[in-house]
Amino acid sequence: MSTNTVIDVEGLDVAYGDFHAVKDLSFHIERGELYALLGTNGAGKTSTLEVVEGHRQATSGTVRVLGSDPADRSVVRPRVGIMLQESGFSADLTVAESARLIGRLSGREDSVERVLGLVDLGHKADTRTGQLSGGERRRLDFATAVYGNPELLFLDEPTTGLDIASRDSLWATVQRLRDEGTTVVLTTHYLEEAQQRADRIGLMHRGTFRHQGTVAELTRSLPASIQFSLPRHAPAPPTSSVPQADASYAIETFELQRDLKQLLDWADTHGVELEGLSAAPTRLDDVFRAIGADSTAS
Amino acid sequence: MLPLAQAELVQLFRNRSVLVTSLLMPVAVAVFFISYRDVFTRIGSIGYVAAVLVFTIAAFNLYATTVTTLAARRQGLFLKRLRSTAASDATILTGLVLPVGAIALVQIALILGVFAAASGGGPVDAVLLVAATLAAFAMMLALGIATAGVTNSPEHAQVTALPLSIGVIAVASWVGITGTESMALLKRLLPGGAATELIVAAWDGGAALTGSLPLLAPTLAWVLVAVAVAAKMFRWEPRR
C-alpha cells in the first residue's frame, strides 16, 4: 500500500448466511481521486460501501481506510465525512442545531454558518428539520458530511431529489474540496454524473468487479454509434449501416471519426441530406446494458 | 456525549406529548399516592408508598420514555446518522438516555422530599434508600434499552413497554403489602422485588445497612440480564 492510498481493500467477502453479496473484491483508492462505485441492482455495492464506511464487518478480507480499521470510529471518522443514501434528523431540532450536533460528534471543527451557506440553507437555520422539504434535507445531509472539510468523503446517491441548481452547487463544493486534496467515493444511479466526474470507476455485478478503470478504459471495449435517416428514393447507404426498426440507420464503430467522415463524404457525393444525424461516443449506459445482456445470455 | 444529551433535552421540552407523558403523568400519579398515603400506609406501610413512588417514576418516566425515545430515533433513521459520526455506540446510547435519566432522578428526589414533608418524616436510612433507588433506576434504564430492541416504532412502544411498566408496580405492591416472609425467593428474584424490600426497609427502618446490601444483587443481576438482551436484540436501523 503506497503512502497515498486512502482506501485499501483486499479479498473482501461479505456473506449473509449462504449468500455471498461480495466475493473476493480488491481495490484501492488514491488520495485526491474521485472513485465511483457503481453496479447493477444487487451487485453488492451497498454491502461494500457499508464495510468501507465502517458500518458493517467484513466476513473475510482486509479493509484499511486512512491506514486504520474503518470500524475504529474514534480514529477514522474525524477524517471522514459520510453522506448516507438514507438517514434522518430529529424533527424537533432546528437546521443549525442538527448541523452543529452532527458536526461536533464527527470530531471536526467548522462553522455552522459556513456549511449551511454552502448548501444555501443559511436562511433556514432556525427552521425545525421536520419542516424541510426532501431536497432541503438532502442538502443538510451534504452540509453535515462536508462539515470540517474531511480528508475522505463518501457520497451515496448525493444528488437524488435535488433540483438542477442544487446539484450544480453540490458538485461545485465537491470540486473545491477535491482541489484541497479531499478524496471522494461516489455511488450514483445517474451514470452521466459518474462519467463526467469520476477519475476511476469500479463497476460491480453479482458481487465482484466486472470492470474497473477510467471511463475511457471502461468504454473502450464497446463501439461508438452513428445514427441517421435517409429521405425517400435516396441511394443505399454505406454497407456498414444497419437498418433499425424505426426506418433509421445505425453504424457501430470503434473508429468514430473515420467512419463519420466516410458517411458525410458519401452523403456529399450523392447529394443526400442525412436527417437526424447524431454521433455519440460509448457511454457508461452502454457498458451497463452490455453487462445486463451478458447476464441474460449466461 | 454531552452535545447529544443536550440536544435530547431540547427535544424533550419541545415535544409536548413526550413532555406530558414523561413529566406530568408520573407527577400526577405521585400526587395521588401522596394524597392518599394514609390509606396506602394502612394497606402496607409508609415505606410501601415510597417504593410505589420510586417505581411509578422508574416505570412511566424512565423506562417508558427510554423505549419510546430509542424507537423514535431508530424509526427516523437518526440512530443510523449518529453511527456515521465518531461517537461510539455506548456514547450514543448514553447521550440519548442521559436527559431522561437525570430528569427521573430529579423528579424522584423532589417527590420523595414532598412525601417526607407531608408524612412528617423521611427515611430512617437515607443511604440505603439512595442505593436501592439508583439500583432500581439502573435496572429500568437497562430494561428500557433492551425493550427498545424489540420495539419497532414509538406507537409500538405503547404495547411493548406496558407489561413491564405494570409488572414492576405490581411486584412493588405485592412485596410492599405482603412482605417477604412468604415466597421470599420468588419475590426477590422478580424485577423490582428486592429493590422494593430495600426501599421499604430504608424508609421504615428495622434493617441493618450491611445486612440489606446483598439484596441489591438481584436488581443488579437484572441490569446484567437487560444489557445482555440489549446487546443481542438492539437494532440501530429499522427492520426492512
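Source: prediction; values computed, not measured.

Calculation rules
Residues numbered from 1 in each chain as written. Chains lettered and ligands numbered in written order. Predicted model: local features only at pLDDT ≥ 70, side-chain atom pairs only at ≥ 80, totals over all residues. Heavy atoms only, no water. UniProt positions renumbered as here; feature names shortened; annotations may be inferred. Helix = DSSP H or I, 4+ residues; strand = E, 2+ residues; numbered from the N terminus. 1 Å grid on protein atoms, 1.4 Å probe; cavity = no way out; pocket = protein on both sides within 12 Å on 5 of 7 lines; lining within 4 Å. Points joined across faces, edges and corners; volume = space filled by probe spheres on them. Nonpolar A, V, L, I, M, F, W, Y, C, P; charged D, E, K, R; others polar. Core = buried A, V, L, I, M, F, W, Y, C linked by side-chain atoms within 4.5 Å. Buried < 20%, exposed > 50% of the residue type's maximum accessible area, 1.4 Å probe, protein only. Contact = heavy atoms within 4.5 Å. Axes fitted to C-alpha atoms, helices over the stretch in contact; angles between N-to-C directions. Parallel < 35°, antiparallel > 145°, perpendicular 65-115°, else oblique. Pairing = 2+ DSSP bridges. Buried area = accessible area lost by both parts, 1.4 Å probe. Salt bridge = Lys/Arg side-chain N within 4 Å of Asp/Glu carboxyl O. Polar contact = N/O pair within 3.5 Å; in protein donor to acceptor, adjacent residues only side chain to side chain. Phe/Tyr/Trp six-rings, centres within 6.5 Å; stacked < 30°, edge-to-face > 60°. Lys NZ or Arg CZ within 6 Å of the ring centre and 35° of its normal. Left-handed = near helix turned anticlockwise from the far one by under 90°.

Trainee: Just to check I follow, could you spell out the UniProt feature "transmembrane region" (unreviewed entry) in chain B for this structure?
Mentor: Mapped onto this numbering, the UniProt entry gives "transmembrane region" (unreviewed entry) at residues 18-36, 48-72, 92-115, 127-150, 156-177 and 215-234 of chain B. With 95% helix and 0% strand, residues 18-36 of chain B has end C-alpha atoms that lie 27 Å from one another.

Trainee: Explain empty space enclosed by the protein here, please?
Mentor: Regions of empty space are outlined by a rolling probe, equal in size to a water molecule, passed over the atoms. Here the structure, examined in full by the defined rule, presents two cavities of 30 Å³ or more. Estimated volume of the largest cavity: approximately 80 Å³. Lining the largest cavity, in full, are Val80, Gly81, Ile82, Ile102, Ser106, Arg108, Thr144 and Ala145 of chain A together with Arg81, Ser84 and Thr85 of chain B. Those elements that place two or more of their residues in the lining of the largest cavity are β5 (80-83), α3 (95-106) and α5 (134-145) of chain A. When residues in the lining of the largest cavity are grouped by element, the largest group, three residues, is from β5 of chain A. Here the residues of the lining of the largest cavity are counted per class, giving four nonpolar, five polar and two charged. Considering only enclosed or pocket space, the second largest cavity measures out at about 40 Å³ in volume. What lines the second largest cavity is Ile7, Phe27, Ile29, Leu37, Thr48, Leu49, Val52, Phe154 and Val185 of chain A. Elements supplying a minimum of two residues to the lining of the second largest cavity: β2 (19-30) and α1 (45-53) of chain A. Ranked by residues supplied to the lining of the second largest cavity, first place goes to α1 of chain A with three residues.

Trainee: Sorry, what's going on with the nonpolar core here?
Mentor: Generally speaking, soluble globular proteins have nonpolar side chains that are buried together. One finds Leu53, Phe55, Leu82 and Met140 of chain B to be the most contacted residues of the largest nonpolar core, which totals 72 residues. Sort the elements by how many residues they give to this core and helix α4 (residues 46-75) of chain B lands first, with 15 residues. Ignoring any residue separated from it by four or fewer positions in sequence, one finds Leu53 of chain B in contact with Ala30, Phe33, Ile34, Ile108, Ile111, Leu112 and Phe115 of chain B. If you look at the next biggest cluster of nonpolar residues, it comprises 42 residues, including Leu118, Leu140, Leu155 and Leu284 of chain A.

Trainee: I keep staring at unusual backbone geometry and nothing clicks. Help me out?
Mentor: Trans is the prevailing form of peptide bonds, just as negative phi is the prevailing case for residues other than glycine. Residues and elements named next belong to chain A. Despite not being glycine, Leu66 shows a phi value in the positive range, around 55°. The residue Leu66 is located in the loop between β4 (60-65) and α2 (73-76) in this model. Judged by relative accessible area, which is 11%, Leu66 ranks as buried. Of note in this structure, Arg206 is not a glycine but carries a positive phi near 50°. Mapped onto the elements, Arg206 comes out in the loop between β8 (200-205) and β9 (208-213). Overall, the relative accessible area of 49% leaves Arg206 in the partly exposed class.

Trainee: In this structure, what is going on with the packing of helix α1 (residues 2-14) of chain B against helix α2 (residues 16-35) of chain B? I would like to understand it.
Mentor: Any two packed helices are characterised by the angle at which their axes cross and by the distance between the axes. Residue and element names in this part refer to chain B. Viewed as axis vectors pointing N to C, α1 and α2 meet at an angle of 95°, and their least axial separation amounts to 5 Å. Comparing the axis directions of α1 and α2 gives the class roughly perpendicular. Residues Leu12, Phe13 and Arg14 of α1 lie in contact with α2, whose contacting residues are Arg16, Val18, Leu19, Ser22 and Leu23.

Trainee: Would you mind showing me how to read the pairing of strand β12 (residues 249-253) of chain A here?
Mentor: Every regular strand shows the same layout, with side chains that alternate between the two sheet faces. Residues and elements named next belong to chain A. In the sheet, strand β10 (residues 224-229) pairs with β12 via five bridges, with the strands oriented antiparallel. In the strand pairing of β12, Ser225 is matched with Glu252. Across two bridges, strand β11 (residues 242-243) lies against β12 in antiparallel orientation. Its bridge partner being in β12, Val242 is matched across the sheet by Ala250. Counted between consecutive antiparallel strands, the loop separating β11 from β12 contains five residues, among which Ala247 sits at a positive phi close to 75°.

Trainee: Would you mind showing me how to read the environment of Leu191 of chain A here?
Mentor: Residue and element names in this part refer to chain A. The topology assignment puts Leu191 in helix α7 (residues 191-197). When its relative accessible area of 12% is taken as the criterion, Leu191 is described as buried. Each C-alpha atom of the pair Leu191 and Leu38 lies 8.5 Å from the other, and the pair is 153 residues apart in sequence. Discounting chain neighbours no more than four positions away, the residues touching Leu191 are Leu38, Leu284, Asp285 and Phe288.

Trainee: It is not clear to me how the interface of chain B and chain A should be interpreted in this structure. Could you clarify?
Mentor: Each partner contributes to the interface: chain B provides 24 residues, whereas chain A provides 24 residues. Between chain B and chain A, roughly 2200 Å² of surface is buried when both sides are summed, and carbon and sulfur atoms account for 53% of that area. Considering only the side of chain B, the residues that lose the most area to chain A are Arg14, Arg81 and Ala86 of chain B, jointly responsible for 31% of the buried surface there. For the interface between chain B and chain A, the tally reads three salt bridges. In this structure, the salt-bridge partner of Glu97 of chain A is Arg14 of chain B, at a minimum N-O distance of 2.8 Å. Inspection of the region where chain B meets chain A yields 16 residue pairs in polar contact (both at pLDDT 80 or more).

Trainee: Where do I start with the sheet that holds strand β13 (residues 275-280) of chain A in this structure?
Mentor: To summarise the sheet geometry, strands pair through backbone hydrogen bonds and adopt either a parallel or an antiparallel arrangement. Residue and element names in this part refer to chain A. Reading across from one edge, β11-β12-β10-β13 is the order of the four strands in this open sheet, with antiparallel pairing throughout. Taken across any chain shown, the strands that pair with only one partner, and hence form the sheet edges, are β11 and β13. Set on the sheet, helix α9 (residues 256-270) makes contact with β10, β12 and β13; between it and β10 the angle comes to about 15°.

Trainee: Would you take a moment to explain the packing of aromatic side chains for this structure?
Mentor: By convention here, two paired aromatic rings are described through the distance between centres and the angle between planes. All told, the structure shown has nine aromatic pairs over all chains when counted by the stated rule. Between Phe228 of chain A and Tyr249 of chain A the ring centres are 5.6 Å apart and the planes differ by 15°, which places this aromatic pair in the stacked class. Placement of Phe228 of chain A in strand β10 and of Tyr249 of chain A in strand β12 is noted, with a sequence separation of 21 residues between them. Their ring planes at 70° and their centres at 5.9 Å tell us that Phe32 of chain B and Phe40 of chain B sit as a pair that is edge-to-face. Of the residues examined, Phe32 of chain B reaches a relative accessible area of 41% and is grouped as partly exposed. Its relative accessible area of 14% is what places Phe40 of chain B among the buried residues. Taken together, Phe32, Phe33, Tyr36 and Phe40 of chain B form an aromatic cluster joined through their ring pairs. When the ring centre of Phe89 of chain A is taken as reference, the NZ or CZ atom of Arg81 of chain B above it lies at 3.7 Å.

Trainee: I would appreciate a short explanation of the packing of α4 of chain B against helix α11 (residues 193-204) of chain B in the present structure.
Mentor: All names here are of chain B. The N-to-C vectors of α4 and α11 enclose an angle of 130°; their axes lie 8 Å apart at closest approach. Taken as axis vectors, α4 and α11 run oblique relative to one another. Handedness of the α4/α11 crossing: right-handed. From α4, Ile46, Gly47, Tyr48, Ala50, Ala51, Val54 and Phe55 reach across to α11, where they touch Ala195, Thr196, Ile199, Val200, Trp203 and Asp204. Grouping the amino acids of the contact of α4 with α11 by side-chain chemistry returns ten nonpolar, two polar and one charged.

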